[in-house]
Amino acid sequence: MALPRAEVLFGDSPEAPALSKAEVSQRFDELMTSVDTAPTRTLGPADVVQAFTEGRGISFEQQPTNAYGALTKALGSMDIVKGLSPESLASITGALDELKAQQPDLVKDITSSSPVAGGLVAFDLEAPAKMLTPRPTPLRNRIPRKKGIGLSHRFKVISGFSGTGTGGVGNIHPGIQDTTQNNFAPSGASNSLYYARGPKISYAGYDKTVAYSQFSVSDQVTWSAQYAGQGYQDIRQLSRTSLMYSSMLLEERMLLMGRGTSGNGFLGALGAPTGLTVTARAAAGSETALTGVSTNIYVKVTSDAGDFGQSVLTAAVNVAPSTQVVDVTCVLPAGATGMRVYVSTGSSDPGDAARWYAGRSGTNKFTLQGALPTSGVAASTVTADTTAYAAGYDGILPICTGSDSGYVNRLNTTLSTANPGMEWQNAFVSLYNSVKADPDRTLLNGADRKQLSDALKGSASSNYRMTITQDQLTGVTIGDVVNTIINEVTGKGVAVEVHPWMPQGSSVILSDSLPIPDSEVSDVWSVFNVQDLMGIDWPVNQFAFESSSYWFGTLVCYAPAWNAAITGIQSA
């Protein structure tokens, strides 16, 4: 049906004269003004139900948004007006107006922050708590776990015999003639016994004892925490899960970088660095000159042992720089993963309580630049050596950098870009020449693996091949990473892996098995546990639930000489 014309909508009776266009326009404007000024209100289902329940119509009048408006509207209702005398109503209205001036909150609107700061709103709280906690344990997952008994694991080693070139046993020439005679008579025998035979071979060997240690960590959940968390999360379950993962992660770090004491037959504590020097020089490249230094800089350093500790402090050395940087260099002991640097300033040495931790280096050099620390970890907290523990064992990194390792090279520089991977090839040559080792994998810090990949990509194109693959019809995938190093001695591919907790500057080269069929060594690395990881819930004797983990064991390396380490890799 067609809509009526404007003249009909706004006109008078049919008999009345027709309206002019100006009169139609005026009446239309009046209609729009009335529509715009009409009371409006947004209703929800609850408003409609409430109105019908109370037997009243729906009011479209503007509703009050604050306490003063609500009280004023209530005083104007018919029930109040009828029930109060005009004098009483005027008295109440006057008192309300006075209170309005004294209490500004009466005229505040109800918003997300008023009248309660947090708002009269519900919380959209999602349960349970998110566990953003990395839990990688690649060594623990890979190394075989075997049953131990007693207080230590013991084995005997034949490290060499004539012809092996190992164990310090020299070679002999096996040639004989018909008249060749060799005396095998026991030492001190009265009669020598000679036969026509070749010379007797020699042996070398040793006994090895690896002590077991006990390990444990604990946690506690108070009753208030457990019961207050009901409906959100099981706090006891969270505690037990966290305790298990914490135990596994701490064991992973011990497998990598733990150190036992020399009294238990392990490598023992690291000594402090020697030959400490500080040298001021002009800032170069991306370096930032020192700021806020007008007097001497005093420096002490320790040998870094990874996550579990550091050596004692060196003596302090000092220099008086201007707007320069300062190189801190030293000689690190074998097995150190780097050094930790503590620095202070003053016209005289302020002492260890005012000497602050400035950072760590994976090499023998650390450069002080920019603003020096004035707070944090003080050198005075380093009161004793914490590199070795009586209840501990030697981990992979200490063994691979120790005296029994097959090869150790401290670079104290960046990886080669002229011949990428040269550092590993040198290790492969040395290992093969000494014990005919043929390693299986190498572990690096993430930054060091990236440096190795970048060195490869920046070298001559003839040294490698990068393949760019087309992804269907849109775009390409580009990038390259070193995942295998070909042993140029044996031709075997050595897997390149990132270990999540490997300190920057260190890399180990590992043999998982030996290239000797009847060596009686099925696994070069093994974990022996008298008791593997278990959990204990303690009896409740206070207002708390308490739990602990426990394991009793050690790490065994049967053939350290088939493994190697590259340390002192400087950050690129």
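Anything mentioned here points back to the structure above.
Residues numbered from 1 in each chain as written. Predicted model: local features only at pLDDT ≥ 70, side-chain atom pairs only at ≥ 80, totals over all residues. Heavy atoms only, no water.

Student: When you look at the overall build of the chain in this model, what are you seeing that I'm missing?
Tutor: Scanning the chain for helices and strands turns up 12 helices and 24 strands. Taken over 572 residues, the chain has a buried fraction of 35%. (Helix = DSSP H or I, 4+ residues; strand = E, 2+ residues; numbered from the N terminus. Buried < 20%, exposed > 50% of the residue type's maximum accessible area, 1.4 Å probe, protein only.)

Student: What should I look at first to understand a nonpolar patch on the surface in this one?
Tutor: Taken together, the side chains of Ile-158, Phe-161, Ile-172, Ile-201 and Tyr-203 define a hydrophobic patch exposed on the protein surface, amounting to about 520 Å² of accessible area. Inspection of the secondary structure puts Tyr-203 in strand E5 (residues 203-211). (Patch = residues over 30% accessible without salt bridge, like charges linked within 9 Å, V, L, I, M, F, W, Y side chains within 5 Å. Areas by Shrake-Rupley, 256 points an atom, 1.4 Å probe, with all protein chains shown as cover. Salt bridge = Lys/Arg side-chain N within 4 Å of Asp/Glu carboxyl O.)

Student: Please clarify how the pairing of strand E24 (residues 564-569) should be interpreted in this entry.
Tutor: For a regular strand, side-chain orientation follows a simple rule: the groups alternate between the two sheet faces. Summarising burial for E24: 6 of the 6 residues are buried, a large majority. Pairing geometry for strand E15 (residues 407-413) and E24, over 5 bridges, is parallel. Looking across to E24, one finds that Arg-410 is bridged to Thr-567. Summarising the sheet, strand E21 (residues 507-510) and E24 pair through 3 bridges and their orientation is antiparallel. (Pairing = 2+ DSSP bridges.)

Student: Looking at this structure, how should I read the sheet that holds strand E14 (residues 365-368)?
Tutor: Two modes of strand pairing occur in sheets, parallel and antiparallel, and in both the strands are linked by backbone hydrogen bonds. Spatially, the 3 strands line up as an open sheet ordered E8-E11-E14, and their pairing is antiparallel. Strands at the two margins of the open sheet, each flanked by one partner only, are strand E8 (274-281) and E14. Each adjacent strand pair in this sheet contributes to an overall mean axis angle of 20°, direction not counted. Where strand E11 (residues 325-331) lies against E14, 4 bridges are found, and the strand directions are antiparallel. Residue Val-328 lies in a different strand from E14, and its bridge partner there is Phe-366. (Axes fitted to C-alpha atoms, helices over the stretch in contact; angles between N-to-C directions.)

Student: Explain the state of the cysteines here, please?
Tutor: Cysteine pairs can be linked by a disulfide, which is a covalent bond between their two sulfur atoms. According to the stated counting rule, one finds 0 disulfides in the structure shown. Looking at the unpaired Cys-400, the closest cysteine sulfur is the one in Cys-557, lying at 6.9 Å. For Cys-400, a relative accessible area of 0% translates into the label buried. For Cys-557, a relative accessible area of 9% corresponds to the buried category. (Disulfide = S-S within 2.5 Å.)

Student: Would you mind going over the side chain of Asn-563 with me for this structure?
Tutor: Summarising the element assignment, Asn-563 is placed in the loop between strand E23 (544-557) and E24. Engagement of the side chain of Asn-563 in a polar contact is seen with the backbone nitrogen of Ser-511, the distance being 2.9 Å. What Asn-563 contacts, discounting residues up to four positions off in sequence, is Cys-400, Ser-405, Gly-406, Tyr-407, Leu-431, Ile-509, Leu-510, Ser-511, Val-524, Trp-525 and Cys-557. (Polar contact = N/O pair within 3.5 Å; in protein donor to acceptor, adjacent residues only side chain to side chain. Contact = heavy atoms within 4.5 Å.)

Student: Looking at this structure, I do not really get the nonpolar core. What am I missing?
Tutor: Generally speaking, nonpolar side chains in soluble globular proteins are found buried as a group. By size, the foremost hydrophobic cluster in this structure holds 59 residues, and its most contacted members are Ile-396, Trp-424, Val-508, Ile-509, Trp-525 and Leu-555. If we skip the residues at most four places from it in the chain, Val-508 touches Ile-396, Leu-397, Cys-400, Arg-441, Thr-442, Leu-443, Met-502, Ala-564 and Ala-565. Core analysis: the second largest hydrophobic core is formed by 21 residues, Leu-270, Val-293, Ile-297 and Val-301 among them. (Core = buried A, V, L, I, M, F, W, Y, C linked by side-chain atoms within 4.5 Å.)

Student: Sorry, what's going on with unusual backbone geometry here?
Tutor: Excluding glycine, residues mostly have negative phi values, and the peptide bonds linking residues are mostly trans. Between Ala-127 and Pro-128 the backbone carries a cis peptide bond, its omega angle lying at -5°. Tracing the sequence through the fold places Pro-128 in the loop between helix H6 (86-102) and helix H7 (138-142).

Student: Sorry, what's going on with the packing of aromatic side chains here?
Tutor: Each aromatic ring pair is specified by the distance between its two centres and by the angle formed by the two planes. With the rule as written, the count across this model stands at 9 aromatic pairs. An aromatic cluster is defined as three or more aromatic residues linked by ring pairs; in this entry it consists of Trp-223, Tyr-227, Phe-543 and Phe-545. For the cation-ring pair, Arg-236 lies above Phe-545, with the distance from its terminal atom to the ring centre recorded as 4.0 Å. Here the guanidinium or amino end of Lys-436 rests over the ring plane of Tyr-432, the centre of that ring lying 5.3 Å away. (Phe/Tyr/Trp six-rings, centres within 6.5 Å; stacked < 30°, edge-to-face > 60°. Lys NZ or Arg CZ within 6 Å of the ring centre and 35° of its normal.)

Student: What is the right way to read the pattern of salt bridges from this model?
Tutor: Any two side chains of opposite charge can pair if their charged atoms end up close together. Counted according to the given criterion, the structure contains 22 salt bridges. Close ionic contact of Lys-130 with Glu-126 constitutes a salt bridge, the shortest N to O distance being 3.0 Å. The residue Lys-156 makes a salt bridge to Asp-207 at a minimum N-O spacing of 2.4 Å. Of this pair, Lys-156 sits in strand E2 (residues 152-161) while Asp-207 sits in strand E5, and the two are 51 residues apart along the sequence. On the basis of relative accessibility, which here comes to 54%, the residue Asp-207 falls in the exposed class. Here the salt bridges do not stand alone but share partners, grouping Arg-140, Arg-145, Glu-251 and Asp-532 into one network.

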